[in-house]
Amino acid sequence: DLAAFAVFAFTSLWSQYHAPLNKLGDWQSVAATLKTGDSSIPIAVFPAELAFPLAVYLPAATIPVPQRMPFTIDYVRATTLSGEAQVSQALDPVSARSNRLWVVTNGECREEQLTNYNYHCHFMEAYLNRRYRLALSFPFHGSLARLYVRIPTVSPLSTVARNAY
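So, here is what we can say about the structure in this document. Because the structure is a prediction, the values reported are computed rather than measured.

**Comments concerning the overall build of the protein**
For the protein, the count of helices and strands is 7 helices and 5 strands. Taking all 165 residues of the protein together, 36% fall into the buried category. Expressed as a percentage of contacts within the protein between residues at least 6 apart in sequence, the contacts between residues at least 24 apart total 60%. Of the accessible surface of the protein, which amounts to about 10500 Å², a share of 59% is contributed by carbon and sulfur atoms.

**As for helix 6 (residues 121-131)**
Residues C121, M124, E125, Y127 and L128 constitute the buried set of helix 6. The arc that holds the buried residues of helix 6, viewed along the axis, is 160°, so those residues lie on one side. Exposed side chains of helix 6 directed beyond 90 degrees from the buried face belong to N129 and R130. Looking at the packing, one finds that the buried side of helix 6 touches strand 1 (43-46), helix 5 (84-97), strand 3 (100-105), strand 4 (132-140) and strand 5 (143-150).

**Describing the state of the cysteines**
Following the criterion strictly, the structure yields 1 disulfide and no others. In this model, C109 is linked to C121 through a disulfide, with the two sulfur atoms separated by 2.0 Å. Negative torsions about the S-S bond denote left-handed disulfides, and the value of about 80° found for C109 with C121 makes this one right-handed. Of the two residues, C109 sits in the loop between strand 3 and helix 6 while C121 sits in helix 6, which places them 12 residues apart along the sequence. Looking at C109, the relative accessible area reads 25%, which means it is partly exposed.

What counts as what
- Along each chain, the written sequence defines residue order, and numbers are assigned to residues from 1.
- Under the rules for a predicted model, residues below a pLDDT of 70 receive no local features and side-chain atom pairs below 80 are neither given nor counted, while totals for whole chains, interfaces and linings still include all residues.
- Processing note: side-chain calculations cover all non-hydrogen atoms of the structure and skip hydrogens and water entirely.
- Counting from the N terminus, the helices are the DSSP runs of H or I reaching at least four residues and the strands are the DSSP runs of E reaching at least two.
- Only protein chains enter the accessibility calculation, which uses a 1.4 Å probe; a residue is then buried when its area is under 20% of its type maximum, exposed when over 50%, and partly exposed in between.
- Working rule for contacts: check all heavy atoms of both residues, and any pair within 4.5 Å makes them a contact.
- The method behind every accessible area is Shrake-Rupley, applied with a 1.4 Å probe, and residues are considered shielded solely by the protein chains displayed.
- This arc describes the spread of directions from the helix axis toward the C-beta atoms.
- A pair of sulfur atoms, both from cysteines and within 2.5 Å, is called a disulfide here.

As structure tokens, this is what we get:
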């Protein structure tokens, strides 16, 4: 029936082009934002499955947290955090190379607001809050890109630390 087709076509077009124009997982915009800055800044992605759609538009290497996506049936459990040590294992080597870090997530970490699955993002957030300061945040529809700057650590053997005693 032509009327049914017209309604279907109109609703399909409307859902594609009405505001906001960025759609869930607007990876092209995320990639464009990350490309505008310093290309030497490492990019961490959590959960790890987000590395795939981002790689379509951003050919740069990313660091999936806690690990690269295993091609197994139960990849969700394999990429769910069980502790802050997993984040540390993935990101500590990065902090030795750069004092800045991009982090791309599927939005803000809200443990009480479970939409699909709980990847235990609070472990990632705890790691970041102890070691980094948030410098910039770019929200997208269904994702969030944040630039962090590492907090300088004071060695117990430094002059400042010795004078404090």
